[in-house]
Amino acid sequence: MDISALLEAAIAATGATSERQLALRMELNPSALALWRRGRTLPTDENIVSLCELAGIAPEAGLMALNMWRSQGRARAIYGDMAHRLRLDLAPAPTSKSA
């Protein structure tokens, strides 16, 4: 899972026709979602939980992915191993700051 796939899943699951509609549903500025997709920022923990709930994905998977994306080096590898052991499909995303 990467942030683009998660955004697309949430758009599809909610029946939104655009990222802008999804952002408004989440009560966020649409530019926040665009920044996530481009890897410029990462969602907050609360935003990733909301996004997962809208997408019909376990929030635990989203939080694990988010922490892996935030991490570097050994910590990132450990998160990846944990996700594998928990059978979560988490693809690496660019490391950025949370927003």
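Preceding block: the structure.
The rules behind each value
Residues numbered from 1 in each chain as written. Predicted model: local features only at pLDDT ≥ 70, side-chain atom pairs only at ≥ 80, totals over all residues. Heavy atoms only, no water. Axes fitted to C-alpha atoms, helices over the stretch in contact; angles between N-to-C directions. Helix = DSSP H or I, 4+ residues; strand = E, 2+ residues; numbered from the N terminus. Parallel < 35°, antiparallel > 145°, perpendicular 65-115°, else oblique. Contact = heavy atoms within 4.5 Å. Nonpolar A, V, L, I, M, F, W, Y, C, P; charged D, E, K, R; others polar.

Some words on the packing of helix α1 (residues 3-14) against helix α3 (residues 30-37)
Phase 1: Axis separation between α1 and α3 bottoms out at 8 Å; the angle between their running directions is 140 degrees. By the criterion of interaxial angle, the relationship of α1 to α3 is oblique. Here Ile-3, Ser-4, Leu-7, Glu-8 and Ile-11 of α1 come into contact with α3, specifically with Leu-33, Trp-36 and Arg-37.
Phase 2: The residue makeup of the contact of α1 with α3, split by class, is five nonpolar, one polar and two charged.

Quick look at the environment of Leu-22
Phase 1: With respect to the element layout, Leu-22 can be found in helix α2 (residues 19-25).
Phase 2: A C-alpha to C-alpha distance of 8.7 Å links Leu-22 and Leu-33, two positions 11 residues apart in sequence.
Phase 3: Ignoring any residue separated from it by four or fewer positions in sequence, one finds Leu-22 in contact with Leu-7, Ala-10, Ile-11, Thr-14, Ala-16, Leu-33, Leu-51 and Leu-54.

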